[in-house]
Amino acid sequence: MHSVLSMMSKMEQETIHETSLQLLEEVGVVIGSENVRKMLEAKGAKVIGENVRFPKAMTEEMLGLIVHTFPIGAYTEAYRKQVPSITHPFSTTAGYVPYIYDEDAGKNRYATEEDLRQLCVLADASPEMDCFWPLMMPGEYTGELQEFKATEIALRNIGKHVQCSSASGDLARYQIEMAQTVAGGSEAFRKNPVLSLLSAPTTPLAIEHGIADAIVESARAGVPIIPMSLPQMTTTSPATFAADTLLVNSENLACYMIAKCAAEDARVFYASDAGAPNLFDGGIDYENCEYVLLSAGDCDMARFYDMPSAMGCSVEYKDFSTKAGFERNIFRCAMKLMTRVDVACWIGTRESCLSSSLVDVVMDLEVLRYAKAYFRHFPVNDYTLALDIIKEKGPRGHFLDHDHTFANFKENIFTDKSENSFLFANGFENYRQTAKEKLDQILSTHKGPEFDSALVSELDKIAAKAEATLKEQ
């Protein structure tokens, strides 16, 4: 027994699948990289200019190569995980935002290296954070160097799994080299991939030059690939659930095909952050109900292929002014995670993913701690059914004094009212101030992973090469 939010029947999933094969064969996908197009053509794809069409038989053959489960590694052994998750959705920060909310000044400013480093310390110290995506971009840099520096700062300061975006083959090579060094070499990295890379297609049906090359580099190195598709109903997708899900599925399959043609053992997530815009201003709207329902449908398709999934699950416009508001935040978070995605990217965003705040991260993590209670697995077997005990007590009996009750109530009834609890410690408090105090305590006491001097020296060399090369582009 476990909670799950599902949208589609098996027949509807099959229809999405079959229509995707038709779309990839008859319409195809624009792929900006000439090298990738040549690689796909050699494997059986039909290339017309930049358009690549995948024959149905080719796609079906490649779908037989799905890697159904793989590790998402970490420098610190205790944080290493496997997907799909069999417990709860693994939660990570979202990314990337340009601004951070300055608590003292009461306004946004550009994020810096130091902001990101502090966020790494917070993430490393917080057991609720399963993985880490650099939530904010270091504003001291621009372009691909900015993405590289975000990767570098994360890998140097957190012992958990790191996921980052990668927009070119050159960038991916430097990101991968640094991650392989942290893991102990290329073969050690394949066993313990401390880094996954997000390379997103352009909806509808385009994979730009750098993105395609990054997917190839990731596939060949054993990097878990997150091809996050982001169609928005009415703008970059027709205004129906079915069409939006079709585009997500087709774009995921197209990225998957690139990865598998590059390396048959490529590890690929099924990934999306689909939604519907605010029709009054056209902006991204993470709060409409369509956002949750589209994620549920996309997770259904991931399970259809038996692929690990990664989805955007942003929860914004949160009310932390009252206990009732806090509890509503918990339920909203739980409902979005009930899609049963394997990696949920959502923690810490504000203002439609334009800004963040470390205090907001602390409060989101507190929300997540309670929301996880909705994702416990409750086995059904002779012991848990307790038929013999019900017979023993009989009609109008009670179970308070039975050993079975004492052995099971803590796992089956959520009773976290510890002194560390925001909700129950001292009644209503100023949650933002409480979170600020907790943040200050973590930043002043937590020590992240420690690297020996030889490893630090190798990372310095890679960083110097990357900075010299990526600055020139």
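Check the entry above for the structure.
What this report covers is the structure whose coordinates are included nearby. Just so it is clear, the structure is predicted and the values come from calculations on it, not from any experiment.

The rules behind each value
Residues numbered from 1 in each chain as written. Predicted model: local features only at pLDDT ≥ 70, side-chain atom pairs only at ≥ 80, totals over all residues. Heavy atoms only, no water. Helix = DSSP H or I, 4+ residues; strand = E, 2+ residues; numbered from the N terminus. Rg over C-alpha atoms; globule rule 2.2 N^0.38 Å. Buried < 20%, exposed > 50% of the residue type's maximum accessible area, 1.4 Å probe, protein only. Contact = heavy atoms within 4.5 Å. Areas by Shrake-Rupley, 256 points an atom, 1.4 Å probe, with all protein chains shown as cover. Lys, Arg positive; Asp, Glu negative; His and termini not counted. Charge placed at Lys NZ, Arg CZ, Asp CG, Glu CD. Phe/Tyr/Trp six-rings, centres within 6.5 Å; stacked < 30°, edge-to-face > 60°. Patch = residues over 30% accessible without salt bridge, like charges linked within 9 Å, V, L, I, M, F, W, Y side chains within 5 Å. Salt bridge = Lys/Arg side-chain N within 4 Å of Asp/Glu carboxyl O. 1 Å grid on protein atoms, 1.4 Å probe; cavity = no way out; pocket = protein on both sides within 12 Å on 5 of 7 lines; lining within 4 Å. Points joined across faces, edges and corners; volume = space filled by probe spheres on them. Nonpolar A, V, L, I, M, F, W, Y, C, P; charged D, E, K, R; others polar. Expected span 1.5 Å × (residues − 1). Polar contact = N/O pair within 3.5 Å; in protein donor to acceptor, adjacent residues only side chain to side chain. Core = buried A, V, L, I, M, F, W, Y, C linked by side-chain atoms within 4.5 Å.

Another point: the overall build of the chain. Of regular secondary structure, the chain possesses 17 helices and 18 strands. Radius of gyration (C-alpha) of the chain: 23 Å, near the 23 Å computed for a compact globule of 473 residues. Relative to its full complement of 473 residues, the chain shows a buried share of 55%. Within the chain, contacts between residues at least 6 apart in sequence are counted, and of these 75% link residues at least 24 apart. Element-wise, carbon and sulfur atoms account for 55% of the exposed surface of the chain, whose accessible area totals about 20400 Å². Averaging the locations of the 44 positively and 67 negatively charged side chains of the chain gives two centres separated by 3 Å.

Evaluation of the coordinates by the stated rule reveals ten aromatic pairs. Relative to phenylalanine 451, the ring of tyrosine 75 has its centre 4.7 Å away and its plane inclined at 80°; by these criteria the two rings are edge-to-face. Here the residue tyrosine 75 occupies a position in the loop between strand E4 (70–72) and strand E5 (81–83), and phenylalanine 451 occupies one in the loop between helix H16 (431–445) and helix H17 (453–471), the gap between them amounting to 376 residues. Given the relative accessible area of 28%, tyrosine 75 is considered partly exposed. Since its relative accessible area comes to 17%, phenylalanine 451 is described here as buried.

Taken together, the side chains of Met1, Val380 and Leu385 present a nonpolar region at the surface, about 330 Å² in accessible area. On the secondary structure map, valine 380 appears in the loop between helix H12 (358–371) and helix H13 (382–385).

The next thing to look at is empty space enclosed by the protein. Take a probe with the size of a water molecule and roll it over the atoms, and the empty space left behind shows itself. Taken as a whole, this structure holds one cavity of 30 Å³ or more when the rule is applied. Taken as a whole, the largest cavity encloses approximately 40 Å³ of empty space. Contributing to the lining of the largest cavity are Ile72, Cys131, His161, Gln163, Ser196, Ile226, Phe269 and Val343. Tallied by class, residues from the lining of the largest cavity come to five nonpolar, three polar and no charged.

Here helix H6 (residues 169–183) contains 15 residues, and its C-alpha end-to-end distance of 21 Å stays within 8% of the 21 Å for a straight helix at 1.5 Å per residue. Counting buried residues along H6, eleven of its 15 residues qualify, which places the element largely inside the surrounding structure. The set of residues buried in H6 consists of Gly169, Leu171, Ala172, Tyr174, Gln175, Ile176, Met178, Ala179, Gln180, Val182 and Ala183. Looking at the buried positions of H6, the neighbouring elements they touch are helix H5 (143–157), strand E10 (161–165), helix H7 (186–191), strand E11 (195–198), helix H8 (209–221) and H17. For H6, the capping residue at the N-terminal end is serine 168, with a side-chain oxygen 3.5 Å from the backbone nitrogen of aspartate 170. Immediately downstream of H6, the backbone of glycine 184 shows phi near 105°, a positive value.

Relative to the helices and strands, asparagine 157 resides in helix H5. When the C-alpha atoms of asparagine 157 and proline 449 are compared, they prove to be 6.5 Å apart, with 292 residues separating the residues in sequence. Ignoring anything within four residues of it in the chain, the contact list for asparagine 157 reads Arg117, Cys120, Asp124 and Pro449. A distance of 2.7 Å separates a polar atom in the side chain of asparagine 157 from the backbone oxygen of isoleucine 153.

Moving on, we come to the pattern of salt bridges. One pass over the full model with this rule turns up 25 salt bridges. Aspartate 130 is paired through a salt bridge with lysine 81; the nearest N and O atoms lie 3.8 Å apart. Here lysine 81 lies in strand E5 and aspartate 130 lies in the loop between helix H4 (113–125) and strand E9 (131–132), a separation of 49 residues in the sequence. Accessibility expressed as a relative area gives 22% for lysine 81, which makes it partly exposed. Of the charged contacts in the structure, one is a salt bridge between glutamate 366 and lysine 438, with a shortest N-O distance of 4.0 Å. Of this pair, glutamate 366 sits in helix H12 while lysine 438 sits in helix H16, placing them 72 residues apart in sequence. By relative accessible area, glutamate 366 is classed as buried at 2%. Using a relative accessible area of 33% as the deciding quantity, one classes lysine 438 as partly exposed. Put simply, Lys149, Glu152, Arg156, Asp460 and Glu467 are held in one network by salt bridges that share partners.

The next subject is the nonpolar core. Where a protein is soluble and globular, its nonpolar side chains tend to be buried together. Within the largest apolar cluster, 144 residues are counted, with the highest numbers of intra-cluster contacts made by Leu40 and Ile258. Ranked by the residues each element gives to this core, the list is headed by helix H9 (residues 241–262), at twelve residues. Each residue touching isoleucine 258, except ones within four places of it in the same chain, is listed here: Ile31, Val36, Met39, Leu40, Ile207, Ala212, Ile215 and Val216.

Let's shift gears to the side chain of aspartate 244. Within the secondary structure, aspartate 244 is located in helix H9. Summary of buried charges: aspartate 244 has no salt-bridge partner, and the nearest side chain of opposite charge, lysine 336, is 15 Å away. The residues touching aspartate 244, leaving out its near neighbours within four places in the chain, are Pro231, Gln232, Met233, Ser237, Ala274, Gly275 and Leu294.

Bringing unusual backbone geometry into the picture now. A cis amide bond links valine 83 to the next residue, proline 84, at an omega of 0°. For proline 84, the position within the fold is in the loop between E5 and strand E6 (90–93). Following threonine 203, the chain continues into proline 204 via a peptide bond in cis, with omega recorded as 0°. With respect to the secondary-structure elements, proline 204 resides in the loop between E11 and strand E12 (206–207). Despite not being glycine, aspartate 306 shows a phi value in the positive range, around 55°. Structurally, aspartate 306 is set in the loop between helix H10 (289–305) and strand E15 (309–312). Its relative accessible area of 40% is what places aspartate 306 among the partly exposed residues. One non-glycine residue, arginine 340, adopts positive backbone phi at about 65°. Along the chain, arginine 340 turns up in the loop between helix H11 (323–337) and strand E16 (343–347). Judged by relative accessible area, which is 15%, arginine 340 ranks as buried.

In short, shape yes, function no, at least from these values alone.
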